[in-house]
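For reference, the chains in residue letters:
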Amino acid sequence: MTTSNIFLRLRGGAVASAQDTISAQGAAMAQPVEPAGGPSPTTGRASHQLVVSFLTSGRVIAILGFFLPASMLAWSVMTGASIRGSLSEYYFTPMRDLMVGTLTTMAVFLWSYRGFSDRDADLRADRRVGKIAAIAALCIAFFPITPRNDDRCTLAQCIVGGRVSDLIHAGGATVFFLCLVAFCLVLLPRSVVNSDGYRRRVVLYRMCGVVIVTALVVIVVWKFLPIEVIFSLGRYRPIFWLESLAIWAFSTAWIVRGLALENAINDSFTMNQPAQGTPRLNRPDVAPAAP
């Protein structure tokens, strides 16, 4: 069994080999690259490290997604402060630096996310959506909403004005969440690894996408509710919880996808390179083969 035998089920039920559909840092790097001077005993290890780098990038994105809302909630609980009306409102608390830093880090990893192979234009959407999400995350981080009853402004607000900053922030948040929807409903199901449990993973990806869409719809509806209803239910902080739920849903889908891809690449390394001593990723119970 070679790496190209790891099949991915694409949208519409079509099946293609991983060589064409799995990400460049996945299947392509699982194949040993022969240097100009001939095979090297370190080639397999180098390919292994590249794959580890790719998987780590995806894992960091998911972990940051879980961490951001949880850290805001933990601060409110530990300090006795009330939960803010939305994640954006934490910009005006001591959590501002952590919020901006987390969003910026997430943007860096989303921008550097390589996505699928360049061989198929349809499969480059992963990379493009990642870059769009990265820009949107930076807009959220550096163009905050205007605080209530406070005339102070951030550098960005002083330059573009509070109203423009609000619009950029709202636009960035909208685009960011729509990118998460695109990943869960379209891109992740299209690249699901055709191995045991792949149907369940497709269902999970789409369920996460539906959760994000539902949260966004409820947030929009909330804006148009009568003011009496908003004041009555606002104490439950629905926007904060809906935003957190949407981000956690995306992170769950991303973690599951990463684990499936990791297992497929592990199997490929084991089958393809038994004599090169390439270790299995995160499998301490499996000893590498003797060189």
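Summary of the structure given here. (Residues numbered from 1 in each chain as written. Predicted model: local features only at pLDDT ≥ 70, side-chain atom pairs only at ≥ 80, totals over all residues. Heavy atoms only, no water.)

## A short note on the packing of aromatic side chains
So, step 1. Inspection of the entire model under this criterion finds eight aromatic pairs.
So, step 2. Taking 6.0 Å as the distance between ring centres and 50° as the angle between the ring planes, the aromatic pair formed by Phe183 and Phe250 counts as tilted. Here Phe183, found in helix 7 (residues 162-190), pairs with Phe250, found in helix 10 (residues 238-272); they are 67 residues apart in sequence, far enough to count as distant.
So, step 3. Judged by relative accessible area, which is 1%, Phe183 ranks as buried.
So, step 4. You can call Phe250 buried: its relative accessible area is 4%. (Phe/Tyr/Trp six-rings, centres within 6.5 Å; stacked < 30°, edge-to-face > 60°. Helix = DSSP H or I, 4+ residues; strand = E, 2+ residues; numbered from the N terminus. Buried < 20%, exposed > 50% of the residue type's maximum accessible area, 1.4 Å probe, protein only.)

## Considering the side chain of Ser71
So, step 1. Tracing the chain through its elements places Ser71 in helix 3 (residues 43-79).
So, step 2. The exposure class assigned to Ser71 is buried, which follows from its relative accessible area of 9%.
So, step 3. Beyond its immediate chain neighbours, meaning those up to four positions away, Ser71 contacts Met95 and Leu98. (Contact = heavy atoms within 4.5 Å.)

## Some remarks on the state of the cysteines
So, step 1. In the structure shown here, the tally under the stated rule is one disulfide.
So, step 2. Across a sulfur-sulfur distance of 1.8 Å, Cys153 and Cys158 are joined as a disulfide pair. The sign of the S-S torsion, about 70°, decides the handedness of the disulfide formed by Cys153 and Cys158: right-handed.
So, step 3. Taking relative accessible area as the criterion, Cys158 reaches 49% and is therefore assigned partly exposed.
So, step 4. Here Cys184 stays free of any disulfide, with the sulfur of Cys208 as its closest cysteine sulfur at 5.5 Å. (Disulfide = S-S within 2.5 Å.)

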